[in-house]
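Here is what each chain is made of, one letter per residue.
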Amino acid sequence: MYHQPVLKNRRTLLERAEKFISEIYFTDCNLRGRLYGDACPLESISSSLSQQRIPFLEAVKQNFEPYQVGDTFGPTWWTCWFKVSLRIPDSWRGKQVHLSWESDGEAMVWRDEQPVQGLTKEGEKTSYILTECLEDDEPHSISLYVELACNSLFGAGQGSMIAAPDPDRKYSVQKAELVVFKPEVRELLTDLEMLVDMVKLLGEGEQRGYQALFTANEMVNLCEPTNPSSFPAARSLAQKFFSQRNGESQHTVHAMGHCHIDSAWLWPYEETIRKCARSWVTVIRLMEKNPHMVFTCSQAQQFDWVKSWYPGLFSQIQHFVKEGQFIPVGGTWVEMDGNLPSGESMVRQFLEGQRFFKKEFGNYCKEFWLPDTFGYSAQLPQLMQGSGITRFLTQKLSWNLVNTFPHNTFFWEGLDGSQVLTHFPPGNSYEMKGKVEDLVNTVKNNKDKGRANHSAALFGFGDGGGGPTQLMLDRLDRVQDTDGLPRVQMSSPDRLFSELEADSSLLCTWTGELFLELHNGTYTTQAQIKLGNRQCETLLHDVEVASSLALCLDKTFQYPSEPLQILWRQLLLNQFHDVIPGTCIEMVVEDAMRYYQDIRAVGTRLLHVSCRALGSEGTTTQTGDSDSTAVLNTLPWERTEVLPLTGGAPEGAPDHQQPCLALVTVPSVGVVSVRDATATKPVPLVSVKVQADGTVLLENGILHAVVNKDGCLASLYLVETNREAISHGCSGNQFVLFDDVPLYWDAWDVMDYHLQTRKPVVEVVSPVQIASPGGLRGSVTFTIRISDKSTITQEIILDAMCPYVKFNTQVEWFESHKFLKVEFPVRVRSPNATYEIQFGHLQRPTHRNTSWDWARFEVWGHKWADLSEHGFGVSLLNDSKYGYSVHQNTMTLSLLFFFFLKDCELLSLLMPTLTWAVISSPTLSCHTQEPSRKRQSSSGPTTSTTL
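The shown structure was predicted, so the numbers you read here are calculated from the model rather than taken from an experiment.

Calculation notes
- Residues numbered from 1 in each chain as written.
- Predicted model: local features only at pLDDT ≥ 70, side-chain atom pairs only at ≥ 80, totals over all residues.
- Heavy atoms only, no water.
- Helix = DSSP H or I, 4+ residues; strand = E, 2+ residues; numbered from the N terminus.
- Rg over C-alpha atoms; globule rule 2.2 N^0.38 Å.
- Contact = heavy atoms within 4.5 Å.
- Areas by Shrake-Rupley, 256 points an atom, 1.4 Å probe, with all protein chains shown as cover.
- Lys, Arg positive; Asp, Glu negative; His and termini not counted.
- Charge placed at Lys NZ, Arg CZ, Asp CG, Glu CD.
- Pairing = 2+ DSSP bridges.
- Axes fitted to C-alpha atoms, helices over the stretch in contact; angles between N-to-C directions.
- Core = buried A, V, L, I, M, F, W, Y, C linked by side-chain atoms within 4.5 Å.
- Buried < 20%, exposed > 50% of the residue type's maximum accessible area, 1.4 Å probe, protein only.
- Parallel < 35°, antiparallel > 145°, perpendicular 65-115°, else oblique.
- Salt bridge = Lys/Arg side-chain N within 4 Å of Asp/Glu carboxyl O.
- Left-handed = near helix turned anticlockwise from the far one by under 90°.
- pLDDT = per-residue confidence, 0-100.
- Expected span 1.5 Å × (residues − 1).

Draft legend 1. Looking closely at the overall build of the protein. In terms of regular secondary structure, the protein is built from 18 helices and 48 strands. Taken over the C-alpha trace, the protein has a radius of gyration of 32 Å; the compact-globule value for 947 residues is 30 Å, and the two agree within 12%. Principal-axis analysis of the C-alpha atoms places the extent of the protein at approximately 115 × 60 × 55 Å. Sequence separation of at least 24 residues holds for 73% of the intrachain contacts in the protein that already meet a minimum separation of 6. Carbon and sulfur atoms provide 50% of the accessible area of the protein, an area that totals close to 36200 Å². Seen as two clouds, the 83 positive and the 110 negative side-chain charges of the protein have centres 2 Å apart.

Right, dumping it as structure tokens:
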């Protein structure tokens, strides 16, 4: 038979093939238009609207009204339940039949009282398979329920995915019908799609791309869309092409199904529970159909939710875990933020996660799994090693704004020298779609070519859930070993890392933190959440210390293990990487604040119980007597501090003792009565003097502090060393305001150009005046104006025997797209500043020599940052802040960022100090009364209770 020669016009042949499978063009005559056959309407559909997320058994008892496709319902965050009755025509015998369902919300199909399939248009899941091949003995009349959440895969943002949700949005079902699905058309479409993508991705310089082009063109020649008998010949051409194999040296891609579900972000926690169920039940259906499929899934909290709300689904997950297809990974309670949680919190993330995975699935996780967080503490390798984990997978550093991270596979070394094998999927995504582009990028972007010949490819819709689809699996199956592309195998994390470990001799090592050069506004955004986290971390620490001491003194004391586990899990949940950073919607913030309040309420009660147990061992006399007041130090070193008392001054205290204040010395992790803790010898007192020029001098024998009329520090002088801390000609405690308009990620990002918009806050509302005249404590107060709506009121405090000045700051904050900081230019020169991190500290440069240096214009730290030279240094301490900047000799603490706050926000800031090693952790004082609220003391959060 004569065959026309193939012309060499690449464009016409390529576009011909594209149009043949197009969803838009020529669907009346192309192959795509033949994907579905006959259709018929549903027998009936009715709906019931609920403001709450109710269980299935409650939902089916509601009153259902007739529903017409296209009718709207809502608003956002409501749930609409649909009762669907259908009958499959007898004439569809032998055909695959789907319920076609398209809506602008997230849906779940329920059948026989069990969830069976998630549906979402954004996740390319718009049909539920009723039967693979209709048989006579199958039920043709079926009743289903569809649970539809009034929110999309990414919440309900007004005009933009990351915008605040539109609370009044209405939703609808656009399509609800029975259709005949033609799997043979789908197979052919997938063949042609992969060939077309190879043509485009391999380009004109690769002969393999031309082979793909000519194969696709010949398939179009052979295929007659209206004649299924022409399909086998076309498919055989594709199979011949895809079966042409690679060489032995080809890169291997380890494909793993994945479904990253943010535990809260653009939707509240409660919706995440349903997202997990919708996504994972769909994965189970795919596993039943594809026994080779592997799916990786992290976050013990999400498993625990599903276990509680969907026990039948959880049992199915446990089955496929045993089969080796559904693979729990990560080892943590949630995918937490990698910077802000304390060291103890990070240990608890691993402890609670690993315990859960071992109990429910029989194994500990070998890999730490944290694809989407905003930086990685240098302490993580040691914490991983201590949790039995030696492997780490993430990819977020591919988002770096300035510098390209130089590795994809490497050893990461922490503070103590601990190393973990680390892998960044070179495709730079944790939600690939199994396309040729994903595979080509995996090889092209690999920065360790020659050192590592294996990479991961995580495929499936993510962030809002969704997970893999059958189409993604089919794509990957086509190209398992196809010349021109990397070798692809369905794999597991263990198999990937085992291959990498086996050939790791050439891998490089990265030492220290993995700093993300983006999203650095998250160190400061949503100050209330940061404050709640720090206070609750402190409270739980104190409860455990007090309870442990009580148990040591009284073996009958009931250690509150179970209540503490519940509280810790609540706190760990709020450390999810879109909650504690503040990158979530208002509903999530409200949820988080309720959790913090619960932790405070229950934790305080537990603290009272343990302190009463300590008091019963002989430290308490009569209520109201000063002898009945005792102090508990929860820190591992002796403390001497001024503390407020709820009663009067202790008996025997010096005459100069101020009412309700006591200078006490308390041993490390110890309890002592105020009588025994109070100094009996005279101590240097604090004097507060207004000087001739209107400034105020505070002195305590250790420090001289001069405060200007506007509240700035004119001088901070260390007596013993005869050193001035404030830089010549400058002022400390200078509040400054910056514009905050990022490139895109509002509330995530603060860009380097914000530094060009610096405006000092200088308008004085109320000049400095004496608030406390001296003795054990001296203080001054003042108020300055940020804007017409916002003000700052601050009390500057100096205590007796104290080597630091305290700044208690209250801000009435009604600003949007503004960034408030406070600066301290100091007389210290050092090329590096030191910042507290989890169980250690980290040094970062104070200069901007390289792009790596100036990309760190805003960095994170925990309770303190220090700038020291030989023999002298200055530190900033705080009780709830995480954003810092130290450039040359100016130390800056970030205070408030972006958000408009409805109420005044209390910022208790401890800064600066001239000694920093022993004053940055909590202390706990116990008194004769029982106030239930938290209050701030000189060294961090304290809680009051009865002994």
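Draft legend 2. Representation of the sheet that holds strand β41 (residues 864-869) in the model. Taken together, four strands build an open sheet; the order of strands is β39-β38-β41-β42 and the sheet is antiparallel. Pairing within the sheet leaves two strands with one partner each, and these edge strands are β39 (840-845) and β42 (872-877). Adjacent strand axes in the sheet meet at a mean angle of 25°, parallel and antiparallel pairs treated alike. As paired elements, β41 and β42 share six bridges and run antiparallel to each other.

Draft legend 3. Spatial organisation of the nonpolar core. Core analysis: the biggest nonpolar cluster contains 222 residues, and W280, F303, I317, F326 and L820 have the highest contact counts within it. Beyond its immediate chain neighbours, meaning those up to four positions away, L820 contacts F735, V736, L737, V761, I786, I792, V811, W813, S894, L895 and L896. One finds I88, W101, V109 and L178 within the second-largest nonpolar core, a separate group that totals 32 residues.

Draft legend 4. Fine view of the packing of helix α8 (residues 311-322) against helix α9 (residues 343-361). The geometry of α8 relative to α9 is characterised by a closest axis approach of 10 Å and an angle of 85° between their N-to-C directions. By the angle between their axes, α8 is roughly perpendicular relative to α9. Contacts from F314, I317, Q318 and V321 in α8 reach F356, E360 and F361 in α9.

Draft legend 5. Inspection of the pattern of salt bridges at higher detail. This model, assessed by the stated rule, comprises 45 salt bridges. Between R348 and E344 there is a salt bridge, with the nearest N and O atoms lying 2.6 Å from each other. In this pair, R348 and E344 are both assigned in helix α9, four residues apart and thus about one turn of the helix distant. Residue R348 is classed as buried on the basis of its relative accessible area of 14%. On the accessibility criterion, E344 (32% relative accessible area) is partly exposed. Members of the salt-bridge network, linked through shared partners, are R53, E106, E147, E270, E271, R274, K275 and R278.

Draft legend 6. A look at unusual backbone geometry. Each neighbour pair has its own omega, and for G74 with P75 the value is 10°, a cis peptide bond. With respect to the helices and strands, P75 occurs in the loop between β4 (72-73) and β5 (79-87). The phi torsion at Q526 lies on the positive side, around 55°, for a residue other than glycine. Within the secondary structure layout, Q526 lies in the loop between β21 (509-511) and α14 (527-553). The phi dihedral of A747 is positive, around 80°, even though this residue is not glycine. Mapped onto the elements of the fold, A747 is located in the loop between β31 (734-739) and β32 (759-760). Assessed through its relative accessible area of 4%, A747 is described here as buried.

Draft legend 7. Examining the packing of helix α4 (residues 207-222) against helix α5 (residues 231-242) more closely. Orientation of α4 relative to α5, taken along the N-to-C sense of each, is 170°, at an axis distance of 8 Å. In terms of their interaxial angle, α4 and α5 are classed as roughly antiparallel. Crossing of α4 against α5: the hand is right-handed. Listed contacts from α5 to R208, Q211, A212, T215, E218, M219 and L222 of α4 are A233, A234, L237, A238 and F241.

Draft legend 8. How the structure looks around helix α11 (residues 436-444). When α11 is considered as a whole, its buried residues turn out to be V436, D438, L439, V440 and T442. Summarising the contacts, the buried residues of α11 are in contact with α3 (183-202), β12 (252-258), β19 (454-459), α12 (470-478) and β20 (487-490).

Draft legend 9. Local environment of the pairing of strand β27 (residues 696-699). Of the two faces of β27, the one lined by V696 and L698 and the one lined by L697 and E699 are each fully buried. Bridge count between strand β26 (residues 686-690) and β27: four bridges; the pairing is antiparallel. Note on β27: the bridge partner recorded for V690 is V696. Between the antiparallel neighbours β26 and β27 lie five residues, among them G694 with a positive phi of about 90°. Sheet analysis places β27 next to strand β28 (residues 703-707), joined by four bridges and oriented antiparallel. Its bridge partner being in β28, L698 is matched across the sheet by A705. Once β27 ends, the chain turns through three residues before running back antiparallel as β28, passing G701 with a positive phi of about 85°.

Draft legend 10. Region of interest: the confidence of the model for the protein. Across the protein, pLDDT averages 91, with 91% of residues at or above 70. Ignoring residues within four places in sequence, the model shows residues 648-657, a span with pLDDT below 50, making 14 contacts including any to other chains.

Draft legend 11. Quick peek at α9. Between its first and last C-alpha, α9 extends 27 Å over 19 residues, near the 27 Å set by a 1.5 Å rise per residue. Just downstream of α9, G362 is the residue with a positive phi angle, here 85°.

Draft legend 12. View of the pairing of β5. With seven of nine residues buried, β5 lies mostly within the body of the structure. As paired elements, strand β2 (residues 44-50) and β5 share seven bridges and run antiparallel to each other. Bridging from a neighbouring strand, S44 pairs with S85 of β5. When β5 meets strand β10 (residues 141-149), the two strands line up antiparallel, connected through nine bridges.

Draft legend 13. Broad picture of the sheet that holds strand β43 (residues 883-887). Ordered in space as β32-β31-β37-β44-β43-β40, the six strands form an open sheet in which the pairing is antiparallel. Each edge of the open sheet is held by one strand with a lone partner, namely β32 and β40 (859-860). Pairing between strand β37 (residues 818-825) and strand β44 (residues 890-897): seven bridges, direction antiparallel. Paired with F819 across the strands is F897, a residue of β44.

Draft legend 14. Examining the environment of L49 more closely. Take L49: it is sitting in strand β2. For L49, a relative accessible area of 38% translates into the label partly exposed. With ten residues separating them in the primary sequence, L49 and A59 have C-alpha atoms 9.4 Å apart.

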